[in-house]
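Residue-level listing of the chains:
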Amino acid sequence: MEEISKSNPVSGAVALINALIAEGVDTVFGYPGGQVLPVYDALYDYADRLNHILVRHEQGAAHAAEGYARASGRVGVVLVTSGPGATNVITGLSDAMMDSTPLVVITGQVGTQYLGSDAFQETDVIAITQPVTKWSIQVRRAKDINDAVARAFFIARSGRPGPVVLDISRDAQIGLVDEPYSPIDYIRSYNPSPEINIETVQAVADMINNAARPMILAGQGVTISGAEKLLVELAEKACIPVATTLLGMSVMPSGHPLYKGMLGMHGNIGPNMATNKADLIIGIGMRFDDRVTGIASAYAPDARIIHIDIDASEFDKVVPAAIALHGDASKAIEALLSLIEPVENRSSWLSLFDKCMECEENTVMQRELYRSGNSPMTMGEVARAVSEATGHEAIAVTDVGQNQMMCARYFCFSRPRSFISSGGLGTMGFGLPAAIGAKIGCPDRTVVAFLGDGGFQMTMQELGTIMQYDINVKIVVLNNNYLGNVRQWQNLFYHRRFSQTPLSNPDFISIARAYGISGRDVNDRSQLKDAVGQMLGHDGAFVLNVAIDPEDMVFPMVAPGKAVDNILIAPGTVFEL
């Protein structure tokens, strides 16, 4: 790293790169343009120290950085130019904000003398990004770059993580910096790590110790805080069943006897039914969003709710909590463990989950996993086949839609940080670039992207990124020639009026081969096992285009406006215990 001093000043662009390296950044996802060229010119001399991934669209850069951050636990970094370069990352910023993903997005900006003049490729990046970022700032002087970068990384990664934008004017990039970079761990008036209130912890422990039918709802906050082992310890000590949100998937091994599956609209029957029979709900690092609660007025009527979260703004936002414990999940669970009384078993309470799973296996899973012969393939059986072939060790990255829900339901996990998807924003096109970022962040792990044919085509150009950098991502296209999730809603709630959901798709395998990527069509169940083995055994990226039953639908389903225990297990058929 270049020594910076008053006798050896450097350009703002060089100072920026030195700051990124000092923050431990090893990879930047980006796309060059006129107002960020000073940084790209400086980057030329740092190719051996900072890996730059040239994506094919700025949205792809943002999603790739998200995948990198979610898989590795580090901050994802994006570098783009002004104007359309900056506006093209807005979807990724919004996605990262809703899913608490730490990003630092650096945008070039026109020179300060042109600000406000509608100069070529000028946009008001700060005004546009403030609603969808944790913090954003415009840097107009070279001497302010170091402080802005230090604050950006501290804010992005601390507390509840999120995206930060640094909009750096061109003259700041070419001006001189004569002070070395120093990371920070403190900003006055910003308290990202609140102290755990011991009296509140004791009250939470008393409530848990006196509960007969407790259930833990674990969200991505458990992963962010690195509390996965502590969560298992808590569940085992008090014999409490655990269910997860979509983004909480993989916080607990799928095979653990206390892990009961996913919550919410397409979650497992047991956790949803148990929600409205529990006497205590312990939400850890989750938002109680509408896809988890169903209609809030009918949510958990017999339960007191404990809400543990690092973001106090989430308390009582959707459902009222009897106790709100403000703090990091790992610190909160660690404080609780010594106060929790051991419970050997809760056989009567746990039997509810067993009964529900038995029904699910005999109805929904029979349709999804155990079809035979010439019947069309389902997304569920493909996801399970890939999971089993990887020994449940892979990172599954999904797009949004039926492919996402089926993967969440039928892919199994043995390690944390193994499920990456767009949760709050539900961004189609997320899956492919996020898988690229996940593989770069965790090069030693198998990364499988599950994509619908609709979402794949939203960011399919990122096959070029895979080609250029030889990124070993396995891509499974679950192809039903429909916008499947929308079609399902049209089927169930709009009298089968399939308005603008059928898709005429190209030959995906020919497109993949045009990018130098191997692939294979799978049109029959008899081909599936061999094809999955070929994909996983191939040295390099591979696209598997699987023909899926266009009538396939995701069940169970809690219909919009219904309580979480009002569960459809087939069209018109409500589950009864």
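A short tour of the structure in this document, coming up. (Residues numbered from 1 in each chain as written. Predicted model: local features only at pLDDT ≥ 70, side-chain atom pairs only at ≥ 80, totals over all residues. Heavy atoms only, no water.)

## Overview of the overall build of the chain
Definition in use: Secondary structure is summarised from DSSP: a helix means a run of H or I of at least four residues, a strand means a run of E of at least two, and numbering begins at the N terminus for each. When a residue's accessible area, from a 1.4 Å probe over protein chains only, is under 20% of the maximum for its type it is buried; when over 50% it is exposed; and in between it is partly exposed. By definition in these notes, contact holds between two residues if any of their heavy atoms fall within 4.5 Å. Methods summary: accessible areas were calculated by the Shrake-Rupley approach with a probe of 1.4 Å, and residue burial reflects only the protein chains presented. Positive charge is attributed to Lys and Arg, negative charge to Asp and Glu, and no charge count is given to His or to the chain ends. One atom stands in for each charge, and that atom is NZ of Lys, CZ of Arg, CG of Asp or CD of Glu.
A count of helical and extended segments in the chain gives 24 helices and 23 strands. Dimensions of the chain, computed from the C-alpha atoms along their principal axes, are close to 75 × 60 × 40 Å. Counting across all 577 residues of the chain, residues that qualify as buried make up 60%. Within the chain, residue pairs in contact and separated by at least 24 positions form 75% of the contacts whose partners lie at least 6 positions apart. By element, 49% of the accessible surface of the chain is carried by carbon and sulfur atoms, the whole surface being about 22100 Å². Treating the 43 positive side-chain charges of the chain as one cloud and the 62 negative ones as another, the clouds have centres 3 Å apart.

## Structural notes on the sheet that holds strand β14 (residues 323-326)
The following threshold applies: In this description, strands pair whenever DSSP reports at least two bridges between them. Lines fitted to C-alpha atoms define the axes here, with helix axes fitted over just the stretch in contact, and angles between the N-to-C directions of these axes take values from 0 to 180 degrees.
Strands sit in the order β11-β10-β9-β12-β13-β14 across an open sheet of six strands; the sheet is parallel. Strands at the two margins of the open sheet, each flanked by one partner only, are β11 (259-262) and β14. Averaged over neighbouring strand pairs, the angle between their axes works out to 20 degrees when direction is ignored. Across three bridges, the pairing between strand β9 (residues 214-218) and strand β10 (residues 242-244) is parallel. Bridge pairing in β10 places I216 opposite V242.

## Brief notes about the pairing of strand β20 (residues 542-547)
Worth spelling out the cut-off: Convention used here: a crossover is right-handed provided that the path from the first strand, over the helix, to the second strand proceeds clockwise when the strands point away from the viewer.
The element β20 is extensively covered by neighbouring structure, given that five of its six residues are classed as buried. Bridge analysis of strand β18 (residues 474-479) against β20 gives six bridges, and the strand direction is parallel. When the sheet's bridge partners are listed, I475 is paired in β20 with V543. Bridge analysis of strand β19 (residues 518-522) against β20 gives five bridges, and the strand direction is parallel. Paired with D521 across the bridge in β20 is N545. In this fold, β19 hands off to helix α24 (residues 525-537), which returns the chain to β20; that crossover is right-handed.

## Observations regarding the packing of helix α3 (residues 58-72) against helix α5 (residues 90-98)
Quick reminder of the rule: Put simply, angles under 35 degrees are roughly parallel, angles over 145 are roughly antiparallel, angles from 65 to 115 are roughly perpendicular, and the rest are oblique. Residues are grouped as follows: nonpolar covers Ala, Val, Leu, Ile, Met, Phe, Trp, Tyr, Cys and Pro; charged covers Asp, Glu, Lys and Arg; every other residue, Gly included, is treated as polar.
Across the interface, α3 lies against α5 with an axial gap of 7 Å and an inter-helix angle of 25 degrees. The angle between the axes of α3 and α5 places the two elements in the roughly parallel class. Residues Q59, A62, H63 and E66 of α3 touch α5, and the partners they reach there are T91, G92, D95 and A96. Taken together, the residues of the contact of α3 with α5 break down into two nonpolar, four polar and two charged.

## Quick look at the environment of T133
Applicable threshold: Think of a polar contact as two N or O atoms within 3.5 Å of one another; within protein, one of them needs to be a possible hydrogen donor and the other a possible acceptor, and neighboring residues in sequence only count if both atoms come from side chains.
Checked against the element boundaries, T133 lands in the loop between α6 (125-129) and β6 (135-139). Residue T133 is classed as buried on the basis of its relative accessible area, which comes to 6%. The spatial distance from the C-alpha of T133 to the C-alpha of N472 is 31 Å, given a sequence separation of 339 residues. Non-local contacts of T133, meaning those with residues more than four positions away in its chain, are made with L93, M97, P163 and V165. Within the structure, the side chain of T133 is placed 2.9 Å from the backbone oxygen of T129, a separation counted as a polar contact.

## Considerations on unusual backbone geometry
Across the junction of F555 and P556, the peptide omega takes the value 0 degrees, indicating a cis bond. If you trace the backbone, P556 turns up in the loop between β20 and β21 (557-558). Despite not being glycine, S100 shows a phi value in the positive range, around 55 degrees. Summarising the element assignment, S100 is placed in the loop between α5 and β5 (103-109). Note on S100: relative accessible area 9%, which makes it buried. One non-glycine residue, D118, adopts positive backbone phi at about 60 degrees.

## Details of the pairing of strand β4 (residues 76-80)
Within β4, five of the five residues are buried, leaving the element largely enclosed by the surrounding structure. Of the two faces of β4, the one holding G76, V78 and V80 and the one holding V77 and L79 are both buried throughout. As judged from the two bridges shared by strand β2 (residues 27-30) and β4, these two strands associate in the parallel manner. Directly across from F29, in β4, lies its bridge partner V78.

## Quick notes on the sheet that holds strand β7 (residues 163-169)
In spatial order, the strands read β3-β2-β4-β5-β7-β6; together these six strands make up an open sheet with parallel pairing. Here the strands that pair on one side only, and so sit at the sheet edges, are β3 (51-54) and β6. Direction aside, neighbouring strands of the sheet carry axes that sit 20 degrees apart on average. Both β5 and β7 contribute to a ladder of seven bridges, which runs parallel. The residue of β7 that forms the bridge with G108 is I168.

## Comments concerning the side chain of T101
Mapped onto the elements, T101 comes out in the loop between α5 and β5. For T101, the contacting residues outside a window of four places in its chain are E66, A69, R70, A96, P161, G162 and P163.

## A word on the packing of aromatic side chains
Basically, it comes down to this: Only rings of Phe, Tyr and Trp enter the pairing, Trp through its six-membered ring, and a pair is recorded when the two centres are within 6.5 Å. The plane angle decides the type: under 30 degrees is stacked, over 60 is edge-to-face, the rest tilted. Definition used: whenever NZ (Lys) or CZ (Arg) falls within 6 Å of the ring centre and also within 35 degrees of the ring normal, the charge is taken to sit over that ring.
One pass over the structure, following the stated rule, counts 10 aromatic pairs. Here F154 and Y190 contribute two aromatic rings whose centre-to-centre distance is 5.7 Å and whose plane-to-plane angle is 85 degrees, an arrangement assigned as edge-to-face. In this pair, F154 sits in helix α7 (residues 145-157) while Y190 sits in the loop between β8 (176-177) and α9 (198-209), placing the two residues 36 residues apart along the sequence. The exposure class assigned to F154 is buried, which follows from its relative accessible area of 10%. When its relative accessible area of 23% is taken as the criterion, Y190 is described as partly exposed. By the ring-pair criterion, three or more aromatic residues cluster together here, those being F411, F413, F419 and F450. Residue placement shows R487 over the ring face of Y482; its charged tip is 4.5 Å from the ring centre. Above the face of the F498 ring, R487 is positioned so that its terminal group lies 4.1 Å from the ring centre.

## Notes on the pattern of salt bridges
Heads up, the rule is: Think of a salt bridge as a Lys or Arg side-chain nitrogen and an Asp or Glu carboxyl oxygen that are within 4 Å of each other.
Enumeration over the complete set of coordinates arrives at 15 salt bridges. D178 serves as the salt-bridge partner of K6, at 3.8 Å between the closest nitrogen and oxygen. Linking K6 in the segment before β1 (10-11) with D178 in the loop between β8 and α9, this pair joins segments that are 172 residues apart in sequence. Under the relative-accessibility criterion, K6 is labelled exposed at 60%. Of the residues examined, D178 reaches a relative accessible area of 31% and is grouped as partly exposed. Between E551 and R487 there is a salt bridge, and its shortest N-O distance comes to 3.0 Å. Of this pair, E551 sits in the loop between β20 and β21 while R487 sits in helix α22 (residues 484-493); the two residues are 64 residues apart in sequence, bridging distant segments of the chain. On the basis of relative accessible area, E551 is assigned to the partly exposed category, the value being 39%. With a relative accessible area of 3%, R487 lands in the buried category.

This is a description of form; function is not addressed.
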